[in-house]
Each structure stands twice: as C-alpha cells, then as structure tokens.
Amino acid sequence: MRLPLVERSLLWFGLAVVVVLPIFYDGYTIYEFGKILMYALAVLGLNILTGFNGQFSLGHSAFFAVGAYTTAILMEQLGVPYWATIPLAAAVSFTAGFLFGLPALRLEGLFLALATFALAIATPQILKYDGISHLTGGVQGIVLATPYPPAWVDSIAVAVSGEALSVDRWKYIFTAIVVVIMFVLAQNLIRSRTGRAFIAIRDNPLSAKTMGINNAIFKSACFGVSAMYTGVAGSLFAIMDEYLAPESFTFAEAIKFLVGGVVGGIASLFGAVFGGAFVLYVPNFSDTIARLLENWIANPQGLSWTVYGLFLIFAVYVMPMGATGLIQILVRKIGVRR
Amino acid sequence: MMAILEVQGLKAYYGQIEALHGLDFHLEEGEITAMLGANGAGKTTSLRAICGMVRTQGKIVVEGESVVGKSTESIVSRHKIAHVPEGRGTFVRVSTEENLRLGAFTRRDREIEQDYERVYHYFPRLKERRNQQAGTLSGGEQQMLAIGRALMLRPKIMLLDEPSFGLAPIITEELFGILEKINKEENVSMLVVEQNANLALAISRRAYLLETGNIAMTGPADEIMNDEQVRKSYLGY
Amino acid sequence: MTADILEVDDVHVRFGGIVALDGVSFTMPKGKIVGLIGPNGAGKTTLFNCLSRLYIPTEGDIRFKGKTILDSPPHHIADIGIGRTFQNLALFSSMTVLENVMVGGHSTTKSDFFSNALRLPGRGREEKELRNRSGELIEYLGLGDVAHSIVAGLPFGTQKRVELARALASSPELLLMDEPAGGLNHVELDELGSLIQQIRDDRGITVLLVEHHMGLVMSISDKVVAIDFGRKISEGTPEEVQNDPEVIRAYLGTGE
Amino acid sequence: MDLFIEQTLSGLASGAIYACLALAVVMIYQAIDHFNFAQGEMAMFSTYIAWWLIAVAGLPFVAAFFACIVISLVGGFMVERIVFAPIADAPVLSHIIVFIALFSIFNSMAGFLFDFTPKKFPTPFGHEQLIEGVPLSAHRAGMVGVTLIMLGVIYAFFRYTPVGLAMRAAAAAPDSARLVGINVRFMLSLGWGLAAAIGAVAGMLIAPITFLTPDMMLGTLLYGFAGAVVGGLTSPFGAVVGGFLVGVLENWMGTFVVGSQLKLTVALVLIIVVLLFKPAGLFGRVVVKRV
Amino acid sequence: AEARNAPGVTDDEIKIGNTNPYSGPAAAYGAIGKTIGACFDKVNAEGGINGRKINFISVDDGYSPPRTVEQTRKLVERENVALIFQGLGTPTNSAVHAYLNKKKVPQLFVATGATKWGQPKEFPWTMGWQPNYQSEGVVYARYILQNVENPKVAILYQNDDYGKDYVHGMEIGLGDKADEIIVARESYEVTDPTIESQVVNLANSGANVFYNVTTPKFAAQAITKVHELDWDPLQLLNSVSNSIGSVVSKAGFEKGQGMITAYYLKDPGNPSYQNDEDYKAWSTFMDEYYPDGDKTDAFTVFGWSVCNTMVQVLKQAGDDLSRENIMAQAASLKDYNAPMLLPGITINTGPNDFYPIEQWQLAKFEGKEWKLFGEVLAGAVGSGS
Ligand SMILES: Nc1ncnc2c1ncn2[C@@H]1O[C@H](COP(=O)(O)OP(=O)(O)OP(=O)(O)O)[C@@H](O)[C@H]1O
Ligand SMILES: Nc1ncnc2c1ncn2[C@@H]1O[C@H](COP(=O)(O)OP(=O)(O)OP(=O)(O)O)[C@@H](O)[C@H]1O
Ligand SMILES: CC(C)C[C@H](N)C(=O)O
Ligand SMILES: [Mg+2]
Ligand SMILES: [Mg+2]
C-alpha cells in the first residue's frame, strides 16, 4: 500500500539522512554501516522474489556466493579493478538465477523450498570442489586486494576536508552509491508493468496467465533479478571484507536473508534496510546479552543463539507483518487520531 | 414459540471498519426467516457474527445462552448450527465424501452412514462425484456439497448464505423444496440470506431487509413481498 | 450476415474417467451476445477454460477469427483478443482495484524490463496512458469510489464488477463471462443486463455469457446454446431454447 | 561382497534414518500445511531427554523410550500453544521465522545443557550383524522394523480416524473447519505433539548410529525433508519409500558416479529432476487447482 | 615505557580479545574459549600478571568468517583490546589475517593447525600454537613406511582446510610413492549425517591402513563402522579425535584396540596420569574454576595449556606491554614447558620460528588407554628447522 505523500517524503528524507550520516564516522562504525547496506541489498534481492513474486528461497546464499566469487576471481585472476567487477557480477548472478529459475518454475511452495534448500547446502561443497579449486581457492578461500579510492576521489576529499580518504570511508561511499542505485532501480521496476506482473503471479497465477502474462518468463526473470541483487551484495561483501571462503556462504547465510526480509517486512523496499540492520546487529547483540548473564549462569556464551531465538520470536510478536507493517499501522493510527 | 436465536444491538468490525451498526433480529424455533439486502449490506457479516467469525459488540443469544466471545467451533457444535458459508468453504484437497464426513465431525451417533445416502438422494450428482477431489467439482456441484455438508450435522439451526448461488434453476427449485421439507419434518430453524427473493420469501414466515449495516424493514414474509420497494429491488415485478 | 468470430468444433475434454465435454460444437456470430446454459457440471466452465487455453481439449478444435487457438500458449489468448471473468473470482487480492485493472491491460502494453528499471521516457507515456484508460473503465463500471481500495475486502458483487473491468482492460473482441450475476439482487441484475448490452453495442464486443439466471440470459442474449453432460442439447433464439422440452427437463424444471 | 550390493545395503540403512524423519515431516505437514525447520532440532532435544533419563536418572531403556515419547508429545503440544497461539493470524513467513527461532533455541539449549561431546545412545537391538557376513546390524534391522510400524500407525491414523481427516482439514481450510466444529487450535497443537513424538522416536533410532550431538540433525533433516518431498508430502508411505530412495541414491552417486565430494549435490539434483516430472512427488496426491 | 603500552593496557588491566564458535557447526570447540576464560579467572584471582588483571573478552563468531571480521574489528576498534588471542578456526582467522597484520595487532596462538600461521616475514603479527596438521600427517607417514609391509592406505577426511592439510602431510611424508601407496580417499562434509558409505568404499579398496582424519563424532562413527564391516586395517586416528572420553570410549574400547595416534598434550581420560602433578594442577583448576566443564574433553586441556603459554608471554613482557614487545616475547619462548605438554615436548619460538609446538609422540590404544611409545618426534613441515 502506498503511504500518503507527506509520510512518503519524510521516509525518503529519513533514508537519505541514514545513508549520508555515517560519512562523518570512520573505522569500525562506518564499516558496520556499510555492511548494513550490503545486507539490505541482499535482503532486498530475496524480498523481490518472495515478497513480490511469492516464490520461496532458502538458497540465496548461493547467489550471494556467485556475486562474491565473480568479483574475487575477476580481481585475482584477471586483474579487473574492483569497481568494474560489479556489473559483471550482476550479469553472472542474474544468469545463474534465471537458469535456476527455469526448472524451479515447475516447483511450488515446499518443493521449491527443497530445491533451494539443497542449493544452499550444496554451495560450499561446490566451491570446495577440487575441479574448480584453482579458481575458487578451494578450502583456502581468496584474499582480495584492498580497494583504494581512485586518485581523483582522494583529491576531492583532500580539498574538502583537508585529509585523505580512509579506505573504510571509501568502501562505505562506494557501497552506498551502488546500493542506492540498485534501490532506485528496484523501486522503478516494482512500480511498473513488470512489478505488477510479479505481484499478479503471486496473487493468482492462473488469472495472471489469462491476463496475458507469460508466467514462465516473468517468474524466471524475477528469480534472475532477485539473484542479481543478492549477487551484487555478495560482490560488495567481497570488496568490503577483502576475503572470502566457502564457510562464508553456508545455509546460515540464506537464513539470514530470509530473517532480514521477514522482520523488515516482506514486499517492502524500506523493510530491507531494517532487515539488513537486524541481521547484522542482532546476532552480535545477542552474544553480548548472553555474556551479560555471567553473573547468574556459569558460562552463558553458548546461550547466544537462545537469546537470538527469543529476539526473533519477540520481533514476530511485536511486528507480525514486519517493521514495515508496524510502521503502516502506526501511521494509520496517527492518521485516525488527526 | 420461543426465539432460538436472539440478536440485539449487533455491531461488527473488520479491522477498524464497522460493517454492522447495531442490528436487532431474531429467529424463532422451527421457523424459516429470510434476510434480504443489496450487495454489501451486511448479510454475510450478520451470519458470520452469529458464529463468532468476526469481532462483534452487542448481544447474541442462542438457545438462551450468550455466545459472544465463544469460539466458532464451540458455538456450532454446542448448538448444532450448520452454516453454509458464502464462497462455499469447500475442503478442496479431500474428496467429496470426506467433505461430507467432516460435516458430521461433531456427531457421535451411528446414523451417519445413512445420512450420506440422504444427501446423495437430494443431490445425485454428488454421489457420482463421491471420490473426486472436491476442489475440482464445478461451482454448482461445490454449492450442493456445501449444503450437503451442512445437512450432515443434522442441525437444529441452519444459517444459509445464498444457498442457491450458482445452482441451475431446476436444482434451486428442488433445494427450496428440500429446505422446506427439512424444516417441517425435523423442526430445523433456518435463517436464509438469498438473492432469489421469490423463492426465499415463499418458504419463509418472516423476513428482514438490510441496508448498509442497518435493518431497514422487517415483518411477515407476505407483507414484505407486497412492499413496493422490495418488489422493485428484489422481486422484479 | 455477420461472420462467425468463434467456432467451437467437436470439443472433447476428459479428466481421468470423467467426461466433461463430449463433442460440443457451436459458433458465435460477431458482435452478438450468446448465452450458454446447462445444468451444474454440464461443462460450461470447462469450455471457458478451453477457450482460455488453461485446458487443452483431448479432441476437437477451437477457432477464433478463423484461426485455431490451440497452438497459442495461454498468455497469448488475451493478445489474440479473448478476455474473461471467472466464476469464483480470481482477482489479485492484495492489489487495489486500479492495479487489478491495469494488470488486465498487460497485453496492451509492451514496456520491458530494462526500460522499466531505468524509467525510460517511453514507458512513462505508456504507463500514463494505461492508467488513464483503466481509470475510465473503472468509472464506466461505477467503481470510482473504490478505485484505490484493496479488492480483498470489497463486497462480492463489487468484486465481480472489478473482474469485468479487468477483462475489458485488455480490449477484447470476445468476452467470456462466467456467472457474472451471482449474488446480485433484481435491480443490480437489470443494471448488469444493460451493461452487457452496452459493452456489446458501444465497444462491439462479442459476449459469451454463462449464467443460471434465466431472466438475464433470456432477456439479453441474441442466441442461446444449452449443454448437458458435455453435449449440446439445444441451440437457437432464447424463445426456442426456453421452450425446448429437453432443456426444460434437464435444466429449467417445470415450476414457474 | 559385491560393492554394489554393499553400498545398496548401506544406503538402505541410512535410508531408514531418513525415512524415520520423513515420517515426522509428513506428520507436521498434514497438521500445519507447512514444514517445520525446527523439527530436527526438536527430535535431537527429545533424544537428549531420553539420554538423560537413561544415563543420569538411571531408567531402563524401555521406560525411558516411552517416557520420552510422552514428554515429547506434551512438549510439542505446549510449544504450539505457547509460541504459536499468539501469532495465529500472522502470515506464514512470520511463522517460518519462528521455526528458525525454535531451531536456534533448541540447538543452543542442547549444547548448553548437555555440552558437545558426542554421547553414546543405547539400542535395544545391539550392533551385531544380524546375519553372519551380511553387513547389516541388528540395530539397522530393528530400525527398519520400527519405521514400518510407525508407518502403519500413521497411515491408520490418517486413513481411519476422524481426527486424522479433521487435522488435514484444519490445516488446509481453518475457517471452514471451525464451521464444522473442528477445534483448529487443538488440531494444530495435537499435530505438533504427534510430530514431536514421531521425531523423538526417529531421534532415538538415529542416535545409536550417528552418536548424540547437538548438531546430529543438521544434515539429517535435509535428507528427511528430501525423502518426504520425493515420496510426496501427503503420503506417509511415500515418505518412507522416499527416505530409502534418497539413502540408496546418495550412496550410488558417491560410489559409482561422482565421488563423495559432490554426491549430495548430484543426489539432490536428481531428486529435483524427479520432481520436475512428478511435481507432487512419487506418491503424493496431485492437488489440481481449477478456476 | 608507559607511553608505548598497547591500547587496552592500563596499570591494572590488560584487555585481550578472542573469537570462538559458541554457536553453529563448530560449537564443540567453544569449550576451548570457555576454558581459557576460566583460566584467566584463576590468574586474576591469584593477583593477575605483574599486578594487572586480564580482561578476557571472548565473543561468538559462529565459525562464520564475515562475523569474525565484524567481531574482531569491534574488539580492536571499540573495545581497544591489546591483542587477539586464540581465535578459532582456519577460515575465520584467515578472514582477519591481513587486517590484524595491517593494524599491527598481535594475532597470537591461533587455534588452528594450518601451516600458514608461521610466516614471520609476511605476517609478523600472527603466530600459531599447536603443531600443524601437515606435520602430524608426516609423522604417520613415517610410521607407515617403517612399520607396515607393502602399505596400502585408505583415507577418510573432512572436506575442508583441516582435512586437506592432514592428507597433504601424509602425501609429503610418503614422498614419491604417495600415489601408489594411497589407494583410496573419501571425504565427507560436516553436514553429512553419517560417513558409512565412505567407509564401505574404503574397506573395499583392499587397503591395510586406515587413516582417519575426522572430528570426534565422525571418528566414533568410522571406528564403529570399520568394526561392523569386519575390516581389520591398521588404524591411524588424527589427534583432533584421540580423546578417550569423547571418542574411543563412545565407539567402544574393543573396537579401538591397536589404533595409533599422535599426542602432544596429555589426555585427561588416560588413567595413568592420575598421580601426575601437572595433571592434578589442571584437575584442581577445572574443579575450582570450570566445574561445568567436561573433564574428559581434551579441549579443556588444550585451553588450559595455551592460556598458560599466553600468561608466560605476558610475564616475560614485564611492564613493557607494547604490541611490539608482546610479539617479540611470543617469539622468544625458550624451552617453555607449558602445563599438560607431554614430557619431553617444549615450546620454542624465535624471530624466524613462529611454530611454538613441533613435537609429537605416538601412542597405541591398548585395553582402555593409549600407551605412548617410541621417541618424541619432530614433524618437520613448515618449521624453521
Ligand atoms: N474481509 C473483509 N474486510 C473488510 N471489509 C469487509 C470484509 N468483508 C466484508 N467487508 C465489508 O463489510 C460490509 C458488509 O459486507 P457483507 O459481505 O456482509 O455484505 P453482504 O450483504 O453479504 O453482501 P453480498 O451480497 O455482496 O454478499 C461491506 O461493506 C464489505 O465491504
Ligand atoms: N480438473 C478436473 N478434474 C476432474 N473433474 C473435473 C475437473 N474439472 C471439471 N471437472 C468435472 O467436469 C464437470 C464439468 O465441470 P464444469 O466446471 O465445466 O461445470 P459447469 O458447467 O461450469 O457447472 P456449474 O454450472 O456448476 O459451474 C464437472 O462434473 C466437474 O466435476
Ligand atoms: C581447532 C581445530 C581442531 C579445527 C578447526 N576446524 C580448524 O580450522 O583448524
Ligand atoms: Mg454476502
Ligand atoms: Mg461453472
């Protein structure tokens, strides 16, 4: 549902502030903000598929890996500059998603869940496979070169602030630019003929067909777009952490995206940002909380996942429709009172 | 005769929206009462309210007991209320016969078997389709199934939401004959929401006319039938 | 004489042991309203599903404007010019009325993926044009008040009208209507009747109407076809079919 | 002995593990119309309870076995009541998040309470070869036997009891189910309870082979899920066949086709190929949607 | 000297950071982190090191490299720890390897046996602790060459860095003949429910040596399955899983007879240490500071021993607690006899030797315990010598 104009502009303004503010920080803080945006993009990818098209995926860690490895391999094997790998990673992950989407077409609901679940489980194994380990680095993973800012960016930074740009800050700016562009494109797509077709297929595939929508193409394409978003996120991840290994792309990662999507609010672009923050902070926060229990329980470190689980349940209780749902309800309540 | 169902000041809500604005109506034991009204007037909502399927305010008393706040399943099983819902509510994945069996879910007596035959006798089409997945039945077949499933309860009260919906004329006519018969023979009280006002009024003793969540008119069926407005809007002559 | 826009030629459909259509043949003259009647389970909806290519006939052919539709995939049917409404409502329940109607116009627009993502100027024009056209249809069907409501909570009869608007949005030449009168009272029925006639007269759309409401069918149809057990049992003017003893026996009954 | 036969036998033996869990998957699917990701962890936790009853509380195996089933039944019932009742109206994706939450909680609680050292879980059947020279232990045979018994019980439950039918109805169409007097909440809770109980049996059968650790179900669940899906989610019989099939297929792939590194991947691809041709699984009832 | 102190060091505190998998697939290793925490509690209770208490901040990374990066950066940049100690796992440590070296933060005594942690030239801020997996593989290879006639080796290994390192060590040790001698290799994934199919294949390969490179649960499964198949090879069990309490006793002592393994630490499950002073000190520590800990779990011994090594380094550093000096002290351990190391095994490091422990002793399982035999051996892969 569309929010009224005032609320919508406020939301956009708030979002702009959120994206720009971190630039005043440096080091770990700005790194964290960058990761939030990166996760938001990955979550958005899943959101496009599940929220708008009604297809379920437990396997998006695979596309995250495709993007990340495309970037890493291009950088390390072919010496492509990091920024130039992004469009290539997008293309490769789109293709991977589209191709996976083709057979997935015939599978619905839980059957698709199994296929994607299997994909997630198989991903680390495939990455480790001896036949391709000369490319993927096998179990060792790949250490990437540091993405230094281009000289002209540096000179602007010196001109403006008097000091050179730190790598962390540059990584954030770079990430933010990519993520904002991707979000705008997603917004355009969703609010168009294509987006309506995605939703129509979700709501009623048979009548969508009767309206002239080629379900097969749109569903596969949606899978492709979704994979592309998550893939670009993976690519940003590789650039940001400068390291990747098969263990970075386990089933747990796919679950992370799903949690981010649902907690943020499925079928919502803004929800993805909330979801990104949730999946980054909450596990580490749960760990902190668990360790605080030390005064009452011996060795509570092991309870971090219990705390995390309780957080999830709490989140669903408070926001059964995700953060976006909660905001909509609040806006409506305020609206009623006025 | 006493009222088996008594409703006073009934308001009903979908989220923030108030769909019924304080209705008073009742159903006497052993009678058929019709409920008429335009599209969106609140007929379906009234029936759903009785079964505790929407959030309500006001008094709803069945057989002398308040049912407000009770769960749907306890209301229908305690008072033997069979509700033929709008949209039929078919259990689409199981067979026709299993749908009927589910209709008798709360019964513990041994006459269930013969009641299948009764339903099949009324709707022979269902017998032909007894092992077919119910979701693949035609619209009208599913409507017959919804009515058959309701009969399987051997109800004391029937709430029928447009029972003739999607039925062929010949079946519609038979249906009202069946309803009348069951009403007479088994003393089942019926509240019938119907667009086919001619037939509904013909078997009813009284009728209510709903307009946008309010009761606009009430009285004996034949009086209503002679009302100018009703004739124009609902009877077509 | 008008040319036949649709030819249904000896169509058979079987589901396992069940014979749903058993050699139905009839034709539809262009620009007319044809009523299709028959007992429950006679195969009317099944025939509709064949016409939208959701089912494939086990035997027989269906020709639209002289060309078979059986080799077109279902999503081309709207393109060819056949639109439909559904017996049990098949709206996009999370969308607003306007959005539903705009999806109905999917086949009349072309903008692709990239132009949509990049908001290229061409697609903006197309989008605006579709929005305006959909808005007009919504007004035409008296749905202006609810244009921006989510369809899920609307009354049944209103949803039926949304279905009609959505079907019209593809600018069909042939419109298939499956029990549009369900849940309507008498006044509403009369309105619907005139609306269908208007659709035929103003827009030149041919209508195939399935309905159990005899008052409606007999008053607006130019021709009526009756089927039973998947076979045609009668065909002709409303009067002829209405008085056909076979139709009375199988379908209408003897009561008034 | 011929490697092929040996791998087939070994596959059937692992298949029995998957079949057990697949039955629990089918049970929960019938009850909630979905798949519970925490199912494996719940089974694992039940098995720890049984282990505790035997190793710490000193109960004899049989007593602990049945006590564990009862505790799991009640536990599953309560989980549904406590955790899911308040969010009954939330969309299904929110429920999935809660499954994930339960997964985390059971997994970490097990590690916290019982630590991570592998525990030995007893079997009443023994580990000796049943027939001299045939590499099939008595426990495996016993496991197949118990799985078949469970299958019979579950089949009868769904086929012949009104509760079985009502449970399916409640899951698929809750509003209509209420209208015919079915207590939908109770059915959901009961489904959870039964699934937990079946899971407990599966866990207690699996643990003597895999050893009891908090992560013993992590991978097993995928296979159980695959078994259930291949067999057809609506069919207990299919689940068992599917479980065995997955076990054997995986071994064949690993031994004769691609080697152990990719055997899971290839086995899963095959399963998906099967599903492309039989989208409802081998024995699942095809639900036709019509308009 | 004060001015040069590392961040996180004050007059009465030294902050030490650590990442451990307290959740996820490797959570069993969390016992190491917990033991170290308890060990520092003991150090603090006894007055700390040169009057400074240890503030040990151990956080969960779930064995996921991205989370290791997040948590490590938080430890370094928010918590201002002086150093990172005993981060666990190869992929996880790899993820912060470059970062910590760039930041010049000591990454001390990482809890993994990969060979790459001993490169003082390229990574002067990173040091391992345990003997590396490859050298253990070499030790077994030499044993085979000396003791088995016409050896044919079948390998079961975990498909990750750890497993592959062990396999590689075996290959190095067997030298030119490796390809001939190794007749079968099968890998498994940590998510595999069982490894039976793999063992069946290995048994069918006609091998007379079974090289078992698995973690505890799978080790117990494999030992059981070998027995069930009536296969009777010489079994070489990697030290990761040689715990009597958590592996051999679970599989059944009768199935373990004659197995060979390598040790560098004392096995707490071995009854022969009951009167050993070293053992008693550990046992008392466990009872007092980590009563919930599993005393049959070899990880608790590991944690205790490595923690004491850290304490030794800090003691040597005295009041000069700059990062440079901490690193320098870590690189100048001379014949340090860490608690619970086998007799004859000591820790030695130098500016060019970043491999603290490089010795092994073989043991054979007899009755209910491992019996050490032969000399203390040096593994010789990657070490400076
Ligand atoms: N699920 C719902 N959510 C929101 N509003 C609803 C919902 N169901 C019904 N309403 C609203 O409640 C009012 C009464 O609807 P109701 O369905 O009771 O009417 P009705 O008389 O049965 O109409 P019909 O003849 O179309 O069946 C309508 O305004 C309708 O829009
Ligand atoms: N997918 C299917 N599988 C099995 N039987 C089917 C299927 N679809 C339709 N049928 C059967 O085919 C027959 C024709 O159904 P159809 O829906 O065409 O009837 P109809 O004429 O539209 O009836 P109504 O007036 O009740 O809507 C029915 O008896 C129905 O049970
Ligand atoms: C702690 C070790 C025994 C194992 C760990 N998997 C590693 O990476 O090296
Ligand atoms: Mg209604
Ligand atoms: Mg029909």
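Scroll up for the structure.
Because the structure is a prediction, the values reported are computed rather than measured.

*Asks:* I tried to follow the sheet that holds strand S1 (residues 3-14) of chain B on my own but got confused; where do I start?
*Replies:* All names here are of chain B. A sheet is described by the order of its strands in space; here four strands give the open sequence S2-S1-S4-S5, paired in antiparallel fashion. The open sheet terminates on both sides in strands that have one partner only, identified here as strand S2 (17-28) and strand S5 (65-66). Here helix H1 (residues 43-50) sits on the sheet in contact with S1, S2 and strand S4 (55-62), set at roughly 70 degrees to S2.

*Asks:* In this structure, what is going on with the interface of chain A and chain C? I would like to understand it.
*Replies:* It is common to give the size of an interface as the accessible area that goes away when the parts come together. If you look at the interface, chain A gives 28 residues, while chain C gives 33 residues. Across the interface of chain A and chain C, roughly 2,600 Å² is buried in total on both sides, 61% from carbon and sulfur atoms. Broken down residue by residue, the surface that chain A buries against chain C is led by Arg193, Arg196 and Met211 of chain A, which jointly contribute 31%. The interface formed by chain A and chain C contains one salt bridge.

*Asks:* How do you make sense of the coordination of the magnesium ion (ligand 4) when you look at a structure like this?
*Replies:* Ideal values for angles at a metal depend on the geometry: 109.5 degrees with four tetrahedral donors, 90 or 180 degrees with six octahedral donors. On the protein side, the magnesium ion (ligand 4) has Thr44 of chain B (OG1) and Glu86 of chain B (OE) as donor atoms, found 1.8 to 2.0 Å from it. On the criterion of sequence distance, the pair formed by Thr44 of chain B in helix H1 and Glu86 of chain B in the loop between strand S6 (81-84) and helix H3 (96-103) is long-range, its members being 42 residues apart.

*Asks:* Hey, could you run me through the sheet that holds strand S1 (residues 13-20) of chain E in this one?
*Replies:* The strands making up a sheet associate through hydrogen bonds between their backbones, and the pairing can be parallel or antiparallel. Residue and element names in this part refer to chain E. The strand order across the open sheet formed by four strands is S2-S1-S3-S4, and the pairing between neighbours is parallel. Each of the sheet's edge strands pairs with one partner strand only, and the pair in question is strand S2 (53-60) and strand S4 (107-108). Bridge count between S1 and S2: eight bridges; the pairing is parallel. Its bridge partner lying in S2, Asn20 is registered against Asp60.

*Asks:* Explain the interface of chain D and chain A here, please?
*Replies:* Listed as interface residues are 44 residues of chain D and, on the opposing side, 44 residues of chain A. When chain D packs against chain A, the two sides together hide about 3,900 Å² of surface, and 82% of this comes from carbon and sulfur. In this assembly, chain D and chain A are joined by zero salt bridges. Along the contact surface separating chain D from chain A lie six residue pairs in polar contact (both at pLDDT 80 or more).

*Asks:* Would you explain empty space enclosed by the protein in this entry?
*Replies:* If you roll a probe as big as a water molecule over the atoms, it shows you where there is empty space left. Per the counting criterion, the structure on display carries 15 cavities of 30 Å³ or more. When its volume is computed, the second largest cavity comes out at roughly 90 Å³. Lining the second largest cavity are 13 residues, and of these Ala82, Ala150 and Leu153 of chain B together with Leu179 and Val180 of chain D sit closest to its centre. Looking at the lining of the second largest cavity, the elements with two or more residues in it are helix H2 (72-79), S6 and helix H6 (139-151) of chain B. Looking at the lining of the second largest cavity, the element that brings in the most residues is S6 of chain B, giving three residues. Of the residues assigned to the lining of the second largest cavity, the class counts are seven nonpolar, five polar and one charged.

What counts and what doesn't
Residues numbered from 1 in each chain as written. Chains lettered and ligands numbered in written order. Predicted model: local features only at pLDDT ≥ 70, side-chain atom pairs only at ≥ 80, totals over all residues. Heavy atoms only, no water. Pairing = 2+ DSSP bridges. Helix = DSSP H or I, 4+ residues; strand = E, 2+ residues; numbered from the N terminus. Contact = heavy atoms within 4.5 Å. Axes fitted to C-alpha atoms, helices over the stretch in contact; angles between N-to-C directions. Buried area = accessible area lost by both parts, 1.4 Å probe. Salt bridge = Lys/Arg side-chain N within 4 Å of Asp/Glu carboxyl O. Donors = N, O, S within 2.8 Å, 3.2 Å for Na, K, Ca; no water. Polar contact = N/O pair within 3.5 Å; in protein donor to acceptor, adjacent residues only side chain to side chain. 1 Å grid on protein atoms, 1.4 Å probe; cavity = no way out; pocket = protein on both sides within 12 Å on 5 of 7 lines; lining within 4 Å. Points joined across faces, edges and corners; volume = space filled by probe spheres on them. Nonpolar A, V, L, I, M, F, W, Y, C, P; charged D, E, K, R; others polar.

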